[in-house]
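# Per-entry structural report
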Amino acid sequence: MKAPDYTPFILPGSGTIGMESITSLLKKGDNVLIISSGVFGDRWKSIFERYPVNYKLLRSAPGEIVNEDAIMEELEKKHYKMVTMTHVETSTGTRFPVKKIAEMIRNKTDIIVVDAVASAAAEELKVQDWGIDVCLTGSQKALASPPGAALLVLSPNAISHLSDNSVSGFYTNLNSWLKVMDNFENNKSGYFTTLPVHLIFSLEKSFELIKKETIEIRVQRHEMVASSIREGISKIGMEIMAKENCRSNTVTAMMLAGINMNDFLTYCIENGIEMATGIIPEFAGKYVRIGHMGWINENDAISTIAVIERALIKFGKPIDLGSGLNATQKYLVKFK
């Protein structure tokens, strides 16, 4: 995340526990602006509506991102203590321009929060340089460790907002975790609740491998594989949900053009490629999500497109068999 002067936290749980822990920075009656591109951006609403804070949800159409003018217009209406945004929306495969928006709103709000669950270690992300106050992720996505831990970094500004008067609950209170994390950084023992020790060792290995690869090459690898998959999908005439200017390195949502989603997914997994169901309510059952994060490589892209082509033929989609695979190969060969 490139935040050398920030305070790190590791919480037992998924990325959602990291999201909910952000209530540690809020007090009763505070205003929060949520910028959402889909289901996981909307999760901020589900969290904040359970606390005595005021929230406003700005939501884009599926495959698009919230217009920057709408964001600035809302921030002119009243003071928002916090603004949350989702870097990569896994329900639609969109990437939000975090750097640009953070720069635009830095003087309009007190705390900028970025959900990087599906982007950290796969997208360019310079938390400190970009003026982000809180960035959170999960152990299982592009970090490629087992699920079970939320990882956060908080700026000195964010740390200054921690207090015993926050609206946070007990387990998610970052103020209670702060001393434990400080002790760990200073090679001392600490306890608030039981940590997933086995997962810490897995993360240590992941970080070792990421450092060896370098984060710059890792981001380039994710971009290469993602783009090659989309080259193949586009060549065979399948629609990608995310608009071209906001497609992520980690997820691609492919529309199914009338093919039964469950039948398509079953065929693919029986042939060695597992994809995820489409979950955005507006297009439920009408698309699939292709995850390409972690230790993915060129061969994964080739296998994915090959199986997609065979699945489309099986379910009656008239395509030029091999055209998508050829497009993917031509894209990849430029890098080798």
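The shown structure was predicted, so the numbers you read here are calculated from the model rather than taken from an experiment.

### Some thoughts on the overall build of the protein chain
When helices and strands are counted, the protein chain shows eleven helices and twelve strands. Its C-alpha atoms give the protein chain a radius of gyration of 21 Å, within 12% of the compact-globule value 20 Å for 336 residues. The dimensions of the protein chain, computed from C-alpha atoms along their principal axes, are 60 × 45 × 35 Å. Going through the 336 residues of the protein chain one by one, you find that 55% of them count as buried. As presented, the protein chain carries roughly 15,000 Å² of accessible surface, and 49% of it is formed by carbon and sulfur atoms. Taken as two groups, the 37 positive and 38 negative side-chain charges of the protein chain have centres that lie 1 Å from each other.

### What about the packing of helix H3 (residues 68-77) against helix H4 (residues 98-105)?
Angle between the axes and distance between the axes: these two values describe a pair of packed helices. The N-to-C vectors of H3 and H4 enclose an angle of 25°; their axes lie 11 Å apart at closest approach. One finds that H3 runs roughly parallel with respect to H4. When the axes of H3 and H4 are compared, the crossing they make is right-handed. Seen from H3, the contacting residues are Glu68, Ile71, Met72 and Leu75; seen from H4, they are Lys100, Ile101, Met104 and Ile105. For the contact of H3 with H4, the per-class residue count stands at six nonpolar, no polar and two charged.

### Let's talk about the sheet that holds strand E10 (residues 251-255)
Taken in spatial order, the three strands of this open sheet run E10-E12-E11, and their pairing is antiparallel. Each of the sheet's edge strands pairs with one partner strand only, and the pair in question is E10 and strand E11 (276-277). Bridge analysis of E10 against strand E12 (residues 287-291) gives five bridges, and the strand direction is antiparallel. Counted as the bridge partner of Val251 is Gly291 from E12. Across the sheet, helix H8 (residues 215-235) touches E10 and E12, and the angle it forms with E10 is around 10°. On top of the sheet, helix H9 (residues 261-270) reaches E10, E11 and E12; it is set at about 30° to E12, its chief contact.

### Brief notes about the sheet that holds strand E9 (residues 149-154)
One open sheet holds the seven strands; their spatial order is E1-E9-E8-E7-E4-E2-E3, and the pairing between them is mixed. Both outer strands of the open sheet, strand E1 (7-12) and strand E3 (54-59), are each paired with one neighbouring strand and no more. Ignoring which end each strand starts from, the neighbouring axes of this sheet average 20° apart. Strand direction decides the pairing type here: strand E4 (residues 80-86) and strand E7 (residues 109-115), joined by six bridges, are parallel. Residue Thr86 lies in a different strand from E7, and its bridge partner there is Asp115. Contacting strand E2 (31-36), E3, E4, E7 and strand E8 (134-138), helix H2 (residues 39-48) crosses the sheet at an angle of about 155° to E2.

### Observations regarding the pairing of E3
Summarising the sheet, E2 and E3 pair through six bridges and their orientation is parallel. Along E3, the bridge assignment pairs Ile35 with Leu58.

So, how was this worked out
Residues numbered from 1 in each chain as written. Predicted model: local features only at pLDDT ≥ 70, side-chain atom pairs only at ≥ 80, totals over all residues. Heavy atoms only, no water. Helix = DSSP H or I, 4+ residues; strand = E, 2+ residues; numbered from the N terminus. Rg over C-alpha atoms; globule rule 2.2 N^0.38 Å. Buried < 20%, exposed > 50% of the residue type's maximum accessible area, 1.4 Å probe, protein only. Areas by Shrake-Rupley, 256 points an atom, 1.4 Å probe, with all protein chains shown as cover. Lys, Arg positive; Asp, Glu negative; His and termini not counted. Charge placed at Lys NZ, Arg CZ, Asp CG, Glu CD. Axes fitted to C-alpha atoms, helices over the stretch in contact; angles between N-to-C directions. Parallel < 35°, antiparallel > 145°, perpendicular 65-115°, else oblique. Left-handed = near helix turned anticlockwise from the far one by under 90°. Contact = heavy atoms within 4.5 Å. Nonpolar A, V, L, I, M, F, W, Y, C, P; charged D, E, K, R; others polar. Pairing = 2+ DSSP bridges.

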